[in-house]
Amino acid sequence: MQSGGGRAVRAAVTSWRGWPGRWAMWMVARRRWIGYAVGCEVLAAAVTVAGLMTGFGGAVRPVWFGALVAVGIAQAEMSRRIERLRRWMSGQTHINVTSVWYLAGAVLLPPAWVALLALVLYLHLWLRVWRNVRTRPAHRFAASTGWAMLSCFAASAVLAVTGLNDVGIDSWYGLCALVLAAAVFEVVNAGLVAIGIFLYTNSRSSADLVGTWEDNAFELATLCLGGLTALALVWQPVLVVFVLPPLLLLHRYLLLKQQLQVAAVTDEKTGLLNTAGWHDLATREFTRARRRGEGSEFAVLMIDLDHFKRINDTYGHLTGDEVLAAVAVTIEGSLRQSDTVGRFGGEEFVVLLPATGATHVLGIAERVRSAVGEMTVAVNGSVRISGLSVSVGVARYPAAGETLDEVLRTADAALYRAKDSGRNCVSV
């Protein structure tokens, strides 16, 4: 019988199998991001090997390395379900609480060995948590691992160069070493990640690139726990176990925070963005388009499910809700990965199509209309509802208006023209 760890290793290897030209990375990532990520990964491997070969930073302390690996894996196992849920819901930036062990390693280990610590803990997270998460593909995992290794190496290397790694952390100089290591780790990691996010998404939002003030406050709290871990390992190693409870509680609180944020912008019947969530995202796209100036455009689709009242009157509101959810799934499946659909209430949906001009928007709208027309919704195993149709109104920025509200009003007017024209059609 195969062990779970063996299956995980084989699955990870399988996900990378095949010629490099067939990797999914080439399909979803920009070439400039690929160059940057691969460069960081090669640099991380090079400095780690060089540090191991030259003994830079002093001799390794195997007991401390083993202890940090053990508690890091134990913490990841205890919070595995929470971390997987957080990863499913997270945006571009993600607070990785394992940095508590990285900071302790940066103070207690030579640079190459703390980079190896990051590599071991990231590999464990991939095998046990991230490899089945849609938002964590293998190429992004590899890039994040390289950035973590470089951040850890930089933090420890600064202490080695300044000599602070030899003064002992049970003094004022030791406190300076902790603060300096934390600052270097945070600055290097934030910089590497921000550049990666910008190259991957082209986003200029500070919240996307470096996180919110609250995100950074949580990161600071994690680094503080890392400092306490280093002190515990030096003074009384058994005290390290007392770091785990607050770390696990912090992890759970981060999950609760994300759940509340998601709930605030999610429509409970369809799982799509609600009006507030969609409008916030569309406002950011409008701001980006206006900042880029001439030639920047996006499109909006207003979609209304035709004769939805008949479904409610014939089959009941619960069945109507199931039909709405099925239509939402079909609309999402007809769009590109960069497009965003929300529910505006009742049987009305709205779609944001970034960087979409006149040559493509009609094709997308027709694809949505045709997909809904081909649907058959099975309800309670016996009722099958077909013959659904939608009316679609289309508007493009800047042709439809100079503000987001004007674009939405234009799309809404186009939707009513589609309904007045007999429904089940697209109107511009």
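Residues numbered from 1 in each chain as written. Predicted model: local features only at pLDDT ≥ 70, side-chain atom pairs only at ≥ 80, totals over all residues. Heavy atoms only, no water.

For the rest of this paragraph, the subject is the overall build of the protein chain. Each helix and strand in the protein chain was counted, giving 17 helices and 7 strands. Taking all 428 residues of the protein chain together, 48% fall into the buried category. As displayed, the protein chain has an accessible area near 20,800 Å², and 61% of this comes from carbon and sulfur atoms. (Helix = DSSP H or I, 4+ residues; strand = E, 2+ residues; numbered from the N terminus. Buried < 20%, exposed > 50% of the residue type's maximum accessible area, 1.4 Å probe, protein only. Areas by Shrake-Rupley, 256 points an atom, 1.4 Å probe, with all protein chains shown as cover.)

Per the UniProt entry, the sites bearing "transmembrane region" (unreviewed entry) are residues 33-56, 100-127, 147-165, 172-200 and 220-250 in this numbering. Annotation note: span residues 33-56, helix share 92%, strand share 0%, distance between end C-alpha atoms 31 Å. Annotated as residues 220-250, this span is 74% helix and 0% strand, and its ends, taken at the C-alpha atoms, are 12 Å apart. (UniProt positions renumbered as here; feature names shortened; annotations may be inferred.)

Turning our eyes to something else, we now look at unusual backbone geometry. Looking along the chain, the bond that leaves Tyr 397 and enters Pro 398 is cis, with omega of 10°. Within the secondary structure, Pro 398 sits in the loop between strand E6 (390-397) and helix H17 (404-420). For Ala 355, which is not a glycine, the phi torsion comes out positive at approximately 45°. Note that Ala 355 resides in the loop between strand E3 (348-354) and helix H16 (358-373).

Right, let's talk about a nonpolar patch on the surface for a bit. A cluster of nonpolar side chains, namely Val 238, Leu 239, Val 241 and Phe 242, defines an oily patch on the protein surface of about 390 Å² accessible area. For Val 241, the location among the structural elements is in the loop between helix H11 (213-235) and helix H12 (244-264). (Patch = residues over 30% accessible without salt bridge, like charges linked within 9 Å, V, L, I, M, F, W, Y side chains within 5 Å. Salt bridge = Lys/Arg side-chain N within 4 Å of Asp/Glu carboxyl O.)

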